[in-house]
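The lines below spell out each chain.
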Amino acid sequence: MESEDERVLEESRIDHMHDTLVNAHVFEGWPELRLFEHEEHEARRTLLSYRSAYAGESFPEIRPSDCSVKDNVALCRLRRFFAVMEGFHKGCLDLTGRHLHRYQSISKRYADFSNEFRALVRDHGNKVVRYVDNYGEDEAGQAHREELEIRPIEAYEAFLTKWECAHTYTPLELLDVIERADSSIRQHPEPIIQKLCLTQLPPEIMHNVMLILSQDKFDRYKSKPRRLGATCRMLWSIAQNYMYTSTRLQVAYTIEHMAIVNKMEVNGQKGRFLAKLLFQMQGRLIDELQTLLNRPDACRRIRFLNIDDNWTHLARFMGPITIEEHERPGMIQKQQTVATLLPHVLSLATNVREISFGGWDISLAIMRALSSNRHLRKIDFTRCAINIGADPNPPYLPSVDTFEFCFPLDSNTWTVVSMFPNLRYLSYANLRSSVDTNIRNILVMPEPDVQARLNPFNTLEAIVLDRVWPADVEILTVWLQAARPSGLRLKRLRIVVHGGLFREEILELIDALSYAPLKSFILDGIQWADPTLLVRIAQKLPHLESLVLLYRDSERQMSRKYAVWPHPPWIYAQQLSNFPRLRHFGWNSKIESRYTPYTLPWIEDGYPELDDLVRFWKADIDADENDCEEGSRSIAKLLGAYCPSLQYVVFYSRKSYPYERQNDGGSSEFAFNVHLSLREEHYWLDPGPRIKSWYEQDP
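Treat the numbers as computed from the prediction; the structure is a model and nothing was measured.

## Examining the overall build of the chain
For the chain, the helix and strand inventory stands at 25 helices and 17 strands. The buried share among the 699 residues of the chain stands at 47%. In the chain, 71% of the contacts between residues at least 6 apart in sequence involve partners at least 24 apart. A total of about 35,400 Å² of accessible surface is found on the chain, and carbon and sulfur atoms cover 52% of it.

## Looking at the packing of helix α4 (residues 100–124) against helix α5 (residues 153–163)
Viewed as axis vectors pointing N to C, α4 and α5 meet at an angle of 175°, and their least axial separation amounts to 11 Å. Between α4 and α5, the angle falls in the class roughly antiparallel. For the pair formed by α4 and α5, the contact residues are R109, D112, F113, E116, F117 and L120 on the first element and A155, Y156, F159, K162 and W163 on the second. Classifying every residue of the contact of α4 with α5 gives seven nonpolar, no polar and four charged.

## Re unusual backbone geometry
Note that the residue after R151, namely P152, is joined by a cis bond; omega there is 0°. Structurally, P152 is set in the loop between β2 (143–150) and α5. A positive phi is found at R467, a non-glycine position, where the angle reads about 60°. Relative to the helices and strands, R467 resides in strand β11 (residues 462–468). The class of R467 is buried, set by a relative accessible area of 14%.

## Re the confidence of the model for the chain
Model confidence for the chain is summarised by a mean pLDDT of 75, while 69% of its residues fall at 70 or above. Averaged pLDDT values for the elements of the chain fall to 45 in helix α1 (residues 6–16) and rise to 95 in helix α20 (residues 532–540). Note that pLDDT drops below 50 for residues 7–29; the model gives that stretch 46 contacts with residues more than four away or on any other chain. Low confidence marks residues 433–441, where pLDDT is under 50. Its contacts with residues over four positions away, or in another chain, come to 13 contacts.

## Topic: the packing of aromatic side chains
According to the stated counting rule, one finds 22 aromatic pairs in the structure shown. Judged by centre distance (5.4 Å) and plane angle (80°), the rings of F81 and F82 are edge-to-face. Each member of the pair F81 and F82 is classed as buried. Ring plane angle 50° and centroid distance 5.0 Å describe the contact between F405 and Y428, whose orientation is recorded as tilted. Remark: Y428 occurs in strand β10 (residues 425–429) and F405 occurs in strand β9 (residues 402–406); sequence separation between them is 23 residues.

## Considerations on the packing of helix α18 (residues 470–483) against helix α19 (residues 503–513)
Where α18 contacts α19, the two axes come as close as 9 Å, and the packing angle between them is 30°. When the axis of α18 is compared with that of α19, the two are roughly parallel. Crossing angle aside, the handedness with which α18 passes α19 is left-handed. Where α18 abuts α19, its residues P470, V473, E474, T477, L480 and Q481 lie against E505, E508, L509, A512 and L513. Residue composition of the contact of α18 with α19, grouped by class: six nonpolar, two polar and three charged.

## Brief notes about the pattern of salt bridges
Considering all chains together, one arrives at 23 salt bridges under this definition. Of the charged contacts in the structure, one is a salt bridge between K162 and E116, with a shortest N-O distance of 3.0 Å. One end of the pair, K162, is in helix α5; the other, E116, is in helix α4, and 46 residues separate them in sequence. Owing to a relative accessible area of 56%, K162 belongs among the exposed residues under this scheme. A relative accessible area of 27% means that E116 is categorised as partly exposed. Salt-bridge contacts for R489 lead to E461; the nearest nitrogen and oxygen are separated by 3.2 Å. With R489 in the loop between α18 and β12 (492–501) and E461 in the loop between α17 (448–453) and β11, this residue pair connects regions lying 28 residues apart in the sequence. The class for R489 is partly exposed, based on a relative accessible area of 42%. What emerges from the salt-bridge pattern is a single network uniting R34, E37, E40 and R80.

## Here we look at the environment of L454
Among the secondary structure elements, L454 is positioned in the loop between α17 and β11. For L454, a relative accessible area of 9% puts it in the buried group. With 39 residues separating them along the chain, L454 and T415 place their C-alpha atoms 8.7 Å apart. With residues near it in sequence (within four places) discarded, L454 still touches W414, V417, S418 and W479.

## What about the environment of L507?
Looking at the secondary structure, you find L507 in helix α19. A relative accessible area of 7% means that L507 is categorised as buried. When the C-alpha atoms of L507 and K540 are compared, they prove to be 9.9 Å apart, with 33 residues separating the residues in sequence. In this structure, L507 is in contact with W528 and R536, ignoring residues within four places of it in sequence.

## Focus: the state of the cysteines
Inspection of every chain in the model, using the stated rule, returns zero disulfides. Of the cysteine sulfurs around C406, a residue in no disulfide, the closest is that of C384, at 9.5 Å.

## Considerations on the nonpolar core
Among the nonpolar cores identified, the biggest contains 124 residues, and F357 and F381 are the most heavily contacted of them. At eleven residues, helix α11 (residues 267–293) tops the list of elements feeding residues into this core. When near neighbours in sequence (up to four residues on either side) are disregarded, F381 contacts F357, I362, M367, I386, F403, E404, F405, C406 and V416. If you look at the next biggest cluster of nonpolar residues, it comprises 31 residues, including M85, Y110, W163 and A181.

## Quick look at the side chain of S107
Tracing the backbone shows S107 in helix α4. Only 2.8 Å separates the side chain of S107 from the backbone oxygen of Y103, close enough to count as a polar contact. A polar contact of 3.2 Å, which involves the side chain of S107, links it to the backbone oxygen of Q104.

## Some details on the pairing of strand β13 (residues 520–526)
Burial within β13 is extensive, with seven of its seven residues counted as buried. Examined bridge by bridge, β12 and β13 share six bridges and lie parallel to one another. Paired with I495 across the bridge in β13 is L523. In this sheet, strand β14 (residues 546–551) lies alongside β13 in parallel orientation, the contact comprising six bridges. Across the sheet, D524 pairs through a bridge with L550, a residue of β14. Between the parallel pair β13 and β14, the chain is carried across by α20, and the sense of this crossover is right-handed.

Calculation criteria
Residues numbered from 1 in each chain as written. Predicted model: local features only at pLDDT ≥ 70, side-chain atom pairs only at ≥ 80, totals over all residues. Heavy atoms only, no water. Helix = DSSP H or I, 4+ residues; strand = E, 2+ residues; numbered from the N terminus. Buried < 20%, exposed > 50% of the residue type's maximum accessible area, 1.4 Å probe, protein only. Contact = heavy atoms within 4.5 Å. Areas by Shrake-Rupley, 256 points an atom, 1.4 Å probe, with all protein chains shown as cover. Axes fitted to C-alpha atoms, helices over the stretch in contact; angles between N-to-C directions. Parallel < 35°, antiparallel > 145°, perpendicular 65-115°, else oblique. Nonpolar A, V, L, I, M, F, W, Y, C, P; charged D, E, K, R; others polar. pLDDT = per-residue confidence, 0-100. Phe/Tyr/Trp six-rings, centres within 6.5 Å; stacked < 30°, edge-to-face > 60°. Left-handed = near helix turned anticlockwise from the far one by under 90°. Salt bridge = Lys/Arg side-chain N within 4 Å of Asp/Glu carboxyl O. Disulfide = S-S within 2.5 Å. Core = buried A, V, L, I, M, F, W, Y, C linked by side-chain atoms within 4.5 Å. Polar contact = N/O pair within 3.5 Å; in protein donor to acceptor, adjacent residues only side chain to side chain. Pairing = 2+ DSSP bridges. Right-handed = clockwise from strand over helix to strand, strands pointing away.

Pasting the structure below:
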C-alpha cells in the first residue's frame with residue numbers, strides 16, 4: 001500500500017541496503033518523518049534478520065492468516081495510508097507536510113482502493129455469526145461475533161496482492177477502517193492544505209524543536225535530531241548543535257550479524273566471517289575518530305560519551321576469531337591507531353559530563369586526557385582492563401564524583417579510585433553468573449597495603465556492592481574501622497551478598513557503620529534474622545530513613561525472593577518502634593497462605609479427587625493471591641502502627657504499600673503500587689546495581 005510517492009523513497013532505501021550483509025545498521029540514519037515510519041524500520045530490520053538467518057533456504061510462503069515478519073512491513077504502510085488520508089481532513093499529519101500535490105495523489109488512490117474493496121464485498125462478501133466455545137455451555141450462553149467472509153478466498157487474496165496490503169487485516173477489519181476514514185472525511189469534507197513549510201518557521205522555533213527532540217530520555221544517542229537534520233541543509237546546520245550531545249564510539253556487532261554466524265556450521269567459516277567483520281568495524285571506528293578530530297566544535301558539544309568494544313564478548317559465545325598471519329600486522333596497526341586517536345578526541349571533548357567504557361583497555365594516556373576535563377562527573381568501566389602501570393605523577397580528576405565499575409576487577413582498579421579525590425558515589429557490580437567457579441574466589445575489596453594508603457571514606461557518601469562474597473564484607477568492615485579516625489561521610493550503603501551473612505559478620509558491619517551518618521541501608525543476603533537485629537540497627541544507626549533487609553533460606557540461595565523469616569511478622573513489627581526517623585522499609589517476608597480462611601473448606605473436605613483437580617487448582621490460585629494480598633496489607637498496617645514515621649513498605653517480589661497519614665498520626669487505607677510515582681519511589685529506595693537514582697537525588 002503506497003501512502004505517497006513511496007517508489008521514489010524505495011529506490012533510495014534499496015541503495016542504502018546494499019551493504020546490509022556485513023553492516024546491518026540499515027535504518028539508523030534514515031529520517032523518520034512519516035507516520036509509523038519508526039515501526040516500519042523496526043519491521044524491516046526484523047525481516048532482514050529473518051532472511052539473514054535463513055540465507056540459502058527457501059523463504060516461507062506468506063499465508064493470509066499469518067502475522068509474519070514480512071506482513072508487518074505491509075501493515076505499517078497500510079496504517080499510514082489511512083492515517084495520511086484522515087490527517088489531510090483533520091489538519092494533523094507528519095513532518096512531510098499537507099501539500100496539495102500530495103493530497104491529489106493519495107485521494108485518487110484512496111478512492112480507487114475503497115471503491116474496489118466495496119465492490120468486492122458486494123459481489124463476494126457474506127456476513128456470518130460465529131460462536132465462541134465456552135467450556136461446553138449451550139449455544140444460548142455462548143459469546144458470538146460477526147465476521148465477513150469473501151468467497152472464493154482467491155478473490156480476496158488477489159485484491160491484497162494487487163494493493164500490497166497486509167494479510168493481517170481480516171475483511172471485516174479492513175471494512176471498518178475504510179468506514180472510519182469515510183466518517184472523518186464526512187465530518188471534515190474540505191482538506192486542510194498546509195500554507196507554511198517547516199523550513200519557513202523562524203530559527204528560534206526550529207531550535208526549540210531540536211531541543212525538544214534532543215531531550216527524549218529514551219533516545220540516548222540523539223538519533224531524532226540527526227534524522228530530522230538529514231532532510232535539508234538548513235535543518236542540518238541547526239541539528240548539529242544538538243546531535244552530538246550524546247555520542248557513541250563502538251566496535252560492535254548487531255543481531256543480524258549473530259543470526260548469520262548462527263547459521264554457519266563450520267567454525268573456521270565463523271572465525272573468518274568474524275575477522276572480516278572486525279576489520280570493517282575497526283575501520284569504521286577510525287573514520288569516526290578522524291571525523292571528530294576534524295570537528296573540534298562537535299567534540300565540545302559532547303555531554304555523554306560511550307566507548308564500547310563488544311568483540312571479546314562476542315568471541316566468548318561464538319568461538320574464536322580466525323585471523324591469518326598476513327592480517328595480524330594490519331589489525332595491530334588499526335589497534336594502535338585507535339589507541340593514539342582516542343586520547344586526542346578525549347582531550348578535545350572538554351565538556352563531557354558522563355563517560356562509559358565497555359570492554360576497553362584503559363591506558364594512562366586515556367586517564368591523562370580525561371584529567372583535562374573540568375566538567376566530568378561520572379566514569380563507568382564495564383569489563384575493562386586497566387593498564388596504567390606505576391607512575392610517580394598520576395593524573396587527578398577532581399571533578400569526578402561518581403565511579404562505577406563491573407567485573408572483571410583489575411588490580412589497578414583501586415589505583416584509579418585514588419585519582420578521584422572528591423569521589424562521592426562508588427558502585428561495583430559482579431557478574432550475574434555468580435556460580436561460575438572462575439570468580440568464586442575473586443574478592444572486590446583491595447589488599448591491606450592499598451587500604452593503608454587509600455581512604456575514600458572521607459568523601460564517599462554512597463556505596464553499592466552488588467553480588468559480592470561475605471569475605472568482601474569482612475574486609476569492608478575492617479577498612480571502615482581503620483578509616484574511622486578521619487571521619488566517615490557515608491549516607492547510603494547497598495550490599496548484595498552471595499549466600500548471606502551470619503550474626504557476627506552483620507553485627508561487626510553495623511558497629512563499623514555506627515560512626516557514619518547513614519540514612520539508607522540495604523542489606524540483601526542475611527542468614528541471621530533475629531528480632532534483636534532491628535534493635536541493634538536502631539541503636540547504632542539512629543539517623544536511618546530507609547532500611548531494606550532480605551533474608552536467605554540457605555547458603556545456596558543466590559537471588560532475592562520470598563523467604564519464611566524465623567519469627568512471625570508481628571514480632572518484627574514491634575521492633576520498628578525503635579526507629580524514630582524511618583520512612584521506608586523493605587523486606588522479603590513470605591506470607592503463608594496454606595492455612596487460611598480461604599483454604600479451610602478444602603482442608604475439611606480432604607482436598608478434591610483427581611477428576612476435580614482443575615477446579616481446585618483455579619480456586620487454590622485465587623485463594624493464594626487473595627490471602628497473600630490481604631496478608632501483606634494487614635502486615636503493612638501493623639508495621640505502620642508501630643512506626644509512626646513510616647511512609648512506604650515494600651514486600652519484595654510482591655506488593656508495595658504507601659501510607660496516607662491522617663493529622664492525628666494514624667494510618668488510613670493503603671493504595672496499591674499501580675502508579676508510576678510509586679515505582680519511582682521504590683527505585684529511589686533500592687536503586688539496583690547502578691547508583692544513578694541516588695546521585696540524581698542529591699545536589
